[in-house]
Amino acid sequence: MFLSRPELIKKEIFDIAEYVPGKSIEEIVSAYGLEPTSIIKLGSNENPLGPSPKAIQALVNVASYANIYPSADAIELREALSKYTGFPVSNLIASGPGMDGLLDGVCRLVIERGDEVIIPTPTFAYYELPARACGGKPVFVRRKQDFSIDPEKILEAASGRTKIIFLCSPNNPSGNLLPENDLRKILETTRALVFVDEAYVEFADRNLAGLVREYDNLVVGRTFSKVFGLAGLRLGYGIMPEWLAKEYIRAATPFSVSLPALKAGVAALSDTEHRKKSIDLARKGREYLKEKIPFKVYPSQANFVLVDVAPLKAKAVTQNLMKKGIIVRSCDSFRDAGDSFIRVTVGTPEQNEIIVRAFEAVKNEV
């Protein structure tokens, strides 16, 4: 007989709230008996165009080499990222699984028991998990009503134990950008690392990565899951000061980027046409959704929009839509988001029309 041994688990793990992902197609098929091909998945901010054909071909080409380890430092990918970002290889880190792996690595590098991290909420829920797992304590600072941050409040929340300040631009789930002046003020005032999550930055009008050249306490995290359509390969990367990159590599898990992910990432970076199509689709689609959805829709610089369905409850509306085969994301699991917000991924024009009609039906039912 096997007995549970919770005393073997370090106590910090029990403080971690379980991460809540968007619903999968399989879950909706099982729950409502729908045909998989009839379901529209707009809950996880995936690229509706799929991956680049060049990335797909790269996966086919590398399949027979699955018995071979990739390079330990993903140098081929870092060299391709250097051309893409304009940063030297010495400023670049490839991470797996996804940007989450980068978050894990940074926390493992700097967080000791009793250290603090600052998280402006609502935002991406995962920041809390690796910090707690390393013995850190999250300090939550609520965003303003328009989801912008208050730099003064963030700096007031900092202490001598603050090691990381997590910021997201465009923010998930609200889609708004972090103003450069706010970031500069924080960087110049704190001794902590400032981690800026730019998972959705290709869809935005500007980015903040250039400030890595000016500040030695800035880390910018990015992913191949969104604009590049490689969410299933779990590939990310970081742009950081050279001093930190050296120490990160020292502490990182070797071979964390698989050979298929590495090759597909290099190929995806080379496909400018697919990237442009993906960006154009998201930018046009988010404006369409903002104009047509019959609830309050917040301006977005990402490949999703945030919808406030008040006075209705987000959970009830999302369940209503899921019964119709439409997956969107209720934001009630995001800390401090309230219970009336729904995040909707921009889909194809046809999918966008369907979701608008579905929201219209919900509105008319009230």
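How each quantity is defined
Residues numbered from 1 in each chain as written. Predicted model: local features only at pLDDT ≥ 70, side-chain atom pairs only at ≥ 80, totals over all residues. Heavy atoms only, no water. Helix = DSSP H or I, 4+ residues; strand = E, 2+ residues; numbered from the N terminus. Buried < 20%, exposed > 50% of the residue type's maximum accessible area, 1.4 Å probe, protein only. Contact = heavy atoms within 4.5 Å. Areas by Shrake-Rupley, 256 points an atom, 1.4 Å probe, with all protein chains shown as cover. Lys, Arg positive; Asp, Glu negative; His and termini not counted. Charge placed at Lys NZ, Arg CZ, Asp CG, Glu CD. Axes fitted to C-alpha atoms, helices over the stretch in contact; angles between N-to-C directions. Parallel < 35°, antiparallel > 145°, perpendicular 65-115°, else oblique. Nonpolar A, V, L, I, M, F, W, Y, C, P; charged D, E, K, R; others polar. UniProt positions renumbered as here; feature names shortened; annotations may be inferred. 1 Å grid on protein atoms, 1.4 Å probe; cavity = no way out; pocket = protein on both sides within 12 Å on 5 of 7 lines; lining within 4 Å. Points joined across faces, edges and corners; volume = space filled by probe spheres on them. Domains from an automatic or database assignment. Pairing = 2+ DSSP bridges. Core = buried A, V, L, I, M, F, W, Y, C linked by side-chain atoms within 4.5 Å.

Peer 1: I would appreciate a short explanation of the overall build of the protein in the present structure.
Peer 2: Helix and strand content of the protein: 12 helices and 13 strands. In terms of overall dimensions, the protein has a C-alpha envelope of 60 × 55 × 50 Å along the principal axes. Put simply, the protein has 366 residues, and 53% of those count as buried. Contacts in the protein between residues far apart in sequence, at least 24 positions, make up 73% of those at least 6 positions apart. Carbon and sulfur atoms form 52% of the exposed surface of the protein, whose accessible area is close to 17000 Å². In the protein, the 47 positive side-chain charges and the 45 negative ones have mean positions that sit 1 Å from each other.

Peer 1: What's the story with the packing of helix H4 (residues 98-110) against helix H8 (residues 242-251) in this structure? I'm lost.
Peer 2: Between two packed helices, both the angle of their axes relative to each other and the distance between the axes serve to describe the pair. Remark: H4 packs on H8, axes separated minimally by 10 Å, with the N-to-C direction vectors making an angle of 95°. Between H4 and H8, the angle falls in the class roughly perpendicular. Residues Gly101, Leu102, Gly105, Val106, Arg108 and Leu109 of H4 touch H8, and the partners they reach there are Leu244, Glu247, Tyr248 and Ala251. Its residues assigned to classes, the contact of H4 with H8 shows 6 nonpolar, 2 polar and 2 charged.

Peer 1: Just checking my understanding: could you explain H4 for this structure?
Peer 2: Every α-helix winds through 3.6 residues per turn, so residues three or four apart in the chain are directed the same way. Burial within H4 is extensive, with 10 of its 13 residues counted as buried. Listed in full, the buried residues belonging to H4 are Gly98, Met99, Asp100, Gly101, Leu102, Leu103, Gly105, Val106, Cys107 and Val110.

Peer 1: Help me out: how do you make sense of the UniProt feature "domain: Aminotransferase class I/classII large" (unreviewed entry) in the protein in this one?
Peer 2: Following the UniProt record, one finds the feature "domain: Aminotransferase class I/classII large" (unreviewed entry) at residues 38-358. Summarising residues 38-358: 37% helix, 17% strand, and an end-to-end C-alpha distance of 14 Å.

Peer 1: What should I look at first to understand empty space enclosed by the protein in this one?
Peer 2: A probe matching the size of a water molecule, rolled over the atoms, marks out where space remains unfilled. This model, assessed by the stated rule, comprises 2 cavities of 30 Å³ or more. Here the largest cavity is characterised by a volume of approximately 60 Å³. Taken together, Asn47, Pro48, Phe203, Lys226, Val227, Ser278, Leu281, Ala282, Asn303 and Val346 form the lining of the largest cavity. Residues that form the lining of the largest cavity fall into these classes: 6 nonpolar, 3 polar and 1 charged. Formed jointly, the lining of the largest cavity draws a minimum of three residues from each of two domains, domain 1 (6-50 + 273-365) and domain 2 (53-271).

Peer 1: What is the right way to look at the sheet that holds strand E3 (residues 116-121) in this model?
Peer 2: Backbone hydrogen bonds hold the strands of a sheet together, and the pairing may be parallel or antiparallel. Ordered by their spatial adjacency, 7 strands build an open sheet running E2-E8-E7-E6-E5-E3-E4, and the pairing between neighbours is mixed. At either end of the open sheet lies a strand with only one pairing partner, and these are strand E2 (92-95) and strand E4 (137-142). Within this sheet the neighbouring strands show an average axis-to-axis angle of 25°, counted without direction. In this sheet, strand E8 (residues 236-239) lies alongside E2 in antiparallel orientation, the contact comprising 4 bridges. Note on E8: the bridge partner recorded for Ile93 is Gly238.

Peer 1: Would you explain the nonpolar core in this entry?
Peer 2: One broad trend across soluble globular proteins is that nonpolar side chains are buried collectively. Among the nonpolar cores identified, the biggest contains 73 residues, and Ile164 and Leu167 are the most heavily contacted of them. Shared between two domains, this core holds at least three residues of each, these being domain 1 (6-50 + 273-365) and domain 2 (53-271). In contact with Leu167, other than residues within four places in its own chain, are Pro120, Tyr127, Ile149, Ile154, Leu178, Leu183, Ile186, Val194, Phe195, Val196 and Asp197. By size, the runner-up hydrophobic cluster in this structure holds 22 residues, among which are Val307, Leu321, Ile342 and Ala358.

Peer 1: How should I be thinking about the layout of surface pockets in this particular structure?
Peer 2: Empty space within the second largest pocket amounts to approximately 340 Å³. As for the second largest pocket, its lining consists of 23 residues, and the residues nearest its centre are Ala94, Tyr248, Ala252, Thr253 and Ser256. Of all the secondary-structure elements, those providing two or more residues to the lining of the second largest pocket are E2, H4 and H8. Broken down by element, the lining of the second largest pocket gets its largest block of residues, 4 residues, from H4. Grouping the amino acids of the lining of the second largest pocket by side-chain chemistry returns 12 nonpolar, 7 polar and 4 charged.

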